[in-house]
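# Architecture at a glance
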Amino acid sequence: MSTPIHVPTMAQMIASGEVPEVLFWVGCSGSFDDRAKRITKAIVKILAKANVKFAVLGAEESCSGDPAKRAGNEFLFQMQAAQNIMVLNGYDVKKIVTGCPHCFNTIKNEYPELGGNYNVIHHTQFINDLIKDGKLVIADGKSFKGKKITFHDPCYLGRANDIYEAPREALMKLDAELVEMKRCKAKGLCCGAGGAQMFKEAEPGNKEVNVERTEDALEAKADIIATGCPFCNTMMTDGVKNFNKEEEVEVKDIAELIAEAADLI
Amino acid sequence: MIPQIIFTLLFLTGTGIFAFKIKKIRRNIFLGKPLEIKDNKAERWKTMAKVAMGQSKMVVRPVAGFFHILIYVGFVLINIEVLEIIIDGLTGEHRFFAPYLGSFYNFLIGFFEILALLVVVACFVFLYRRNISSIRRFKMPEMKGWPKLDGNLILVVEVVLMGALLKMNACDQILQLRGADHYMVAGSFPISQFLVPFFDGFETGTLITFERIFWWAHITGILIFLNYVPYSKHFHIILAFPNTYYSNLKPKGQLNNMAAVKKEVDLMMGGDPFATPETTVDDGPPERFGVKDVTDLNWKNLLDAYSCTECGRCTDNCPANQTGKLLSPRKVMMDTRDRIEEVGKNIDKAGKPVEDGISLLGNYITEEELWACTTCNACVDACPLNIDPLNIIMNMRRYLIMEESKSPDSVTSMFNNVENNGAPWAFPAADRGKWIDELN
């Protein structure tokens, strides 16, 4: 691999008198979950490659409060929000790139009323813009020729915020074939993890939501299921395992696919 | 003169009872909490024009959408003829508009006849879909009993009304041809002409009786149906318009921040601990956090409930429901409407709000239903009238957590982790940057 990547924290950057262009909001999954950490690393490699001056909050980052809010704990959510807004405003943050659509939705839509006003961008949008602006060139990396990729819309990016095209545009930069599942975009089926379901057992039923969704992807004959959310990634990975298809079908975040194609990982 | 008096009384009674019921429903809706929706007027009119008038979300499902548009257009336009019938009834004239509209009148009547036939066809298609074909959303538990009967009754009544209209025209045209007194030559009858052979053999006097029977049956049927509508899912034909006007225009992912909580959090986070409390006025008992009963909902939630026509697209798109969980967003809306009706009836009986020991959460909606929701917004997206079942679900979760501290154990641990570690899992905050060390 090329030169080591330096990931400064906001505190370090400010201490050295510098101001980052964007704050990369990693999120709890991206910070702690081993699978999601690989997505985080891919995002960081893309940011570094595109010479984006960025910083993270490190230990100063705390849960956005989304799972608490969706589970009904508005107190805990607002405590989290207040704490995060204090930190973010303290560093005078203007632009935030998130690695998770849940953090994205919460910070973008629910923080402003509580005093946190930022330009919030989801990492798939940011990566797509980097490619469009010529700041990131996809070359020399892995070829996806002959592969079929399908994008599983995260609810909190798609229906919640009407962002359907940016992730697809980014995927279309790969030399693969983009195929759609029968339920996609506004009609996309949830992976089953939202609304704090990630942190609890499913209620009694006759099927798991992620299995139902994985069937859509298998029906589309996709070789790769592209995701834009660490929760979706976990759920779809489990779904593929449920069908014993992990040898044939990969579940990867758009950041990982782009980083592979740009020979960054 | 006597028929006019009878008609006038009938008409006033019919519309009067209807107005009375509408007032009751309006009162019930405003039993909900206040909510100010006064912004973006232009966009609101546009949304209403697109979604309610333009049926933009109905046609997402082309078959149902197409036949629904037939009934909708038929209903709206044939009402122009109903207006004439009302004027005829009040004045004792026959085909009041004919002399004023000339040949355009003939076109109109012919057009209405074609529409009436299309409405009949659409009603039969819908009866088939509801009763014979195996469409999942019409076969769910919440559709058993009254909701199923309601759906069928509406369709049958529409067929009967259209039938009366066409038969009336059939008799009318025979009488016109025979030059019967009072029956001036007016209108064109592309559909009802085929009914003429059934009536042609009768004497003029008998035919006049028939024509009058169909005329009265049509208008009496309409007045009865008008009064049936507010008790039925069919009420959507009226509330579709205000409900889409007051649509949520914010991103679907945005869930409101509770103001009462913000006040407390502000105090805890940065408030001056030595400051004198801001409010010394006694506001009465503190408001409940979240929603336990319908009166904890806001009026828009209740307007949503009365607007629901039980089509079930929400439930059909719900990932929890598709995978056999108990949750059905349509049931949430039906329960909300049934409960606010119950609360309203209690008030009618006692003259004031009464505590009946029943609540929406608990007696109508169970915790299991609420905990099955993934908050994916598929139900909200699917609703042809922009109804938001998710908002009701979320606010009931808020009640469960903040008033009753009731949550699945694993959710409680998640809360504890967020509170103690700033993450939903039990990892120390100091390890948040560990991935950076693994990077190179």
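Bear in mind the structure is a predicted one, so any value in this text is a computation, not a measurement.

## Here we look at the overall build of chain B
Helix and strand counts for chain B stand at 20 helices and 0 strands. For chain B, whose C-alpha radius of gyration is 28 Å, the value lies well above the compact-globule estimate of 22 Å for 440 residues. With respect to the three principal axes, the spread of C-alpha positions in chain B is 95 × 55 × 40 Å. Sorting the 440 residues of chain B into buried and exposed places 52% on the buried side. The long-range fraction of contacts in chain B, counting pairs at least 24 apart against all pairs at least 6 apart in sequence, stands at 77%. In the form shown here, chain B has an accessible surface area of approximately 21,100 Å², with 64% of it arising from carbon and sulfur atoms. A gap of 3 Å separates the mean positions of the 46 positive and 47 negative side-chain charges of chain B.

## What about the sheet that holds strand β4 (residues 119-122) of chain A?
Residues and elements named next belong to chain A. If you walk across this open sheet you meet the 4 strands as β2-β1-β3-β4, and the pairing is parallel. With one partner strand each, in any of the chains shown, β2 (54-55) and β4 form the two edges of the open sheet. Strand direction decides the pairing type here: strand β1 (residues 22-25) and strand β3 (residues 95-98), joined by 3 bridges, are parallel. Opposite F24, over in β3, you have V97 as the bridge partner. On the sheet, helix α3 (residues 34-49) packs against β1 and β2 and is oriented at approximately 165° with respect to β1. Against the sheet, helix α7 (residues 123-132) touches β1, β3 and β4, its axis set at about 85° to β4.

## Some points on the packing of aromatic side chains
Residues and elements named next belong to chain B. Enumeration over the complete set of coordinates arrives at 26 aromatic pairs over all chains. A ring pair is formed by F7 and F11, whose centres lie 6.0 Å apart and whose planes are at 10°; its orientation type is stacked. Of this pair, F7 and F11 both sit in helix α1 (residues 2-29), 4 residues apart, which is roughly one turn of the helix. The class of F7 is buried, set by a relative accessible area of 0%. A ring pair is formed by W45 and Y245, whose centres lie 5.0 Å apart and whose planes are at 65°; its orientation type is edge-to-face. Here W45, found in helix α2 (residues 41-53), pairs with Y245, found in helix α9 (residues 236-245); they are 200 residues apart in sequence, far enough to count as distant. Ring pairing ties together the aromatic residues F30, W45, Y245, Y246 and W299, which thus form one cluster.

## Regarding the pairing of strand β5 (residues 148-151) of chain A
All names here are of chain A. Where β5 and strand β6 (residues 177-179) come together, 3 bridges link them in parallel fashion. Within β6, the position partnered with K148 by the bridge is E177. As judged from the 3 bridges shared by β5 and strand β7 (residues 224-227), these two strands associate in the parallel manner. Looking at β7, one finds that T150 is bridged to I225.

## Notes on the domain arrangement of chain B
Residues and elements named next belong to chain B. With domains assigned, chain B is organised as domain 1 (2-30 + 61-245) and domain 2 (286-421). Averaged C-alpha coordinates put domain 1 and domain 2 at centres separated by 37 Å. Facing the 25 residues of domain 1 at the interface are 30 residues of domain 2. The partner of R61 in a salt bridge is D316, with the nearest N and O atoms 2.9 Å apart. Among the secondary structure elements, those contributing two or more residues to the side of domain 1 that touches domain 2 are α1, α3 (62-91) and α9. A per-class count over the side of domain 1 that touches domain 2 returns 12 nonpolar, 5 polar and 8 charged.

## Some words on the pattern of salt bridges
Summed over the entire model, instances satisfying the criterion amount to 52 salt bridges over all chains. For K132 of chain A, the salt bridge goes to E169 of chain A, with nearest N and O atoms at 3.3 Å. In this pair, K132 of chain A is assigned in helix α7 and E169 of chain A in helix α8 (residues 165-172), connecting sequence segments 37 residues apart. Judged by relative accessible area, which is 51%, K132 of chain A ranks as exposed. The closest approach of N and O atoms between D348 of chain B and K24 of chain B, which form a salt bridge, is 3.6 Å.

## Here's the deal with the interface of chain A and chain B
Size of an interface: often given as the accessible area lost when the parts come together. In this assembly, 72 residues from chain A lie in contact with 61 residues from chain B. Of the roughly 5,700 Å² buried at the junction of chain A and chain B (both faces included), carbon and sulfur atoms supply 64%. It is F32, F75 and F199 of chain A that lose the most area in chain A upon contact with chain B, and together they represent 13% of the buried surface on that side. At the junction of chain A and chain B, the tally comes to 5 salt bridges. The partner of R398 of chain B in a salt bridge is E74 of chain A, and the shortest N-O contact between them spans 3.0 Å. Where chain A packs against chain B, one counts 36 residue pairs in polar contact (both at pLDDT 80 or more). Contributing elements (two or more residues each) for the side of chain A that touches chain B: α2 (28-32), α3, α4 (66-70), α5 (74-90), α6 (101-110) and α9 (209-219) of chain A.

## A short note on α3 of chain A
Residues and elements named next belong to chain A. The terminal C-alpha atoms of α3, which comprises 16 residues, lie 23 Å apart, in line with the 22 Å expected from a rise of 1.5 Å per residue. Along α3, 12 of the 16 residues are buried, which leaves the element largely enclosed by surrounding structure. Of all the residues in α3, the buried ones are R35, A36, K37, I39, T40, K41, A42, I43, V44, K45, I46 and L47.

## Some details on the nonpolar core
Counting residues in each nonpolar core, the largest one holds 116 residues, and the members touching the most others are L327, M396, M414 and F415 of chain B. A per-element tally of this core places helix α6 (residues 146-177) of chain B first, with 12 residues. When neighbours within four sequence positions are excluded, F415 of chain B is seen to be in contact with A68, A71, N73 and L76 of chain A together with I401 and S407 of chain B. One finds V52, V97, F151 and L264 of chain A within the second-largest nonpolar core, a separate group that totals 41 residues.

## Focus: the sheet that holds β5 of chain A
Residues and elements named next belong to chain A. Pairing is parallel in the open sheet, where 4 strands are placed in the order β6-β5-β7-β8. Of all strands in the sheet, those bounded by a partner on one side alone are β6 and β8 (250-253). This sheet shows a mean twist of 35° between the axes of neighbouring strands, independent of strand direction. Alignment of β7 against β8, held across 4 bridges, turns out to be parallel. Paired with I224 across the strands is E250, a residue of β8.

Reading the values: rules and limits
Residues numbered from 1 in each chain as written. Chains lettered and ligands numbered in written order. Predicted model: local features only at pLDDT ≥ 70, side-chain atom pairs only at ≥ 80, totals over all residues. Heavy atoms only, no water. Helix = DSSP H or I, 4+ residues; strand = E, 2+ residues; numbered from the N terminus. Rg over C-alpha atoms; globule rule 2.2 N^0.38 Å. Buried < 20%, exposed > 50% of the residue type's maximum accessible area, 1.4 Å probe, protein only. Contact = heavy atoms within 4.5 Å. Areas by Shrake-Rupley, 256 points an atom, 1.4 Å probe, with all protein chains shown as cover. Lys, Arg positive; Asp, Glu negative; His and termini not counted. Charge placed at Lys NZ, Arg CZ, Asp CG, Glu CD. Pairing = 2+ DSSP bridges. Axes fitted to C-alpha atoms, helices over the stretch in contact; angles between N-to-C directions. Phe/Tyr/Trp six-rings, centres within 6.5 Å; stacked < 30°, edge-to-face > 60°. Domains from an automatic or database assignment. Salt bridge = Lys/Arg side-chain N within 4 Å of Asp/Glu carboxyl O. Nonpolar A, V, L, I, M, F, W, Y, C, P; charged D, E, K, R; others polar. Buried area = accessible area lost by both parts, 1.4 Å probe. Polar contact = N/O pair within 3.5 Å; in protein donor to acceptor, adjacent residues only side chain to side chain. Expected span 1.5 Å × (residues − 1). Core = buried A, V, L, I, M, F, W, Y, C linked by side-chain atoms within 4.5 Å.

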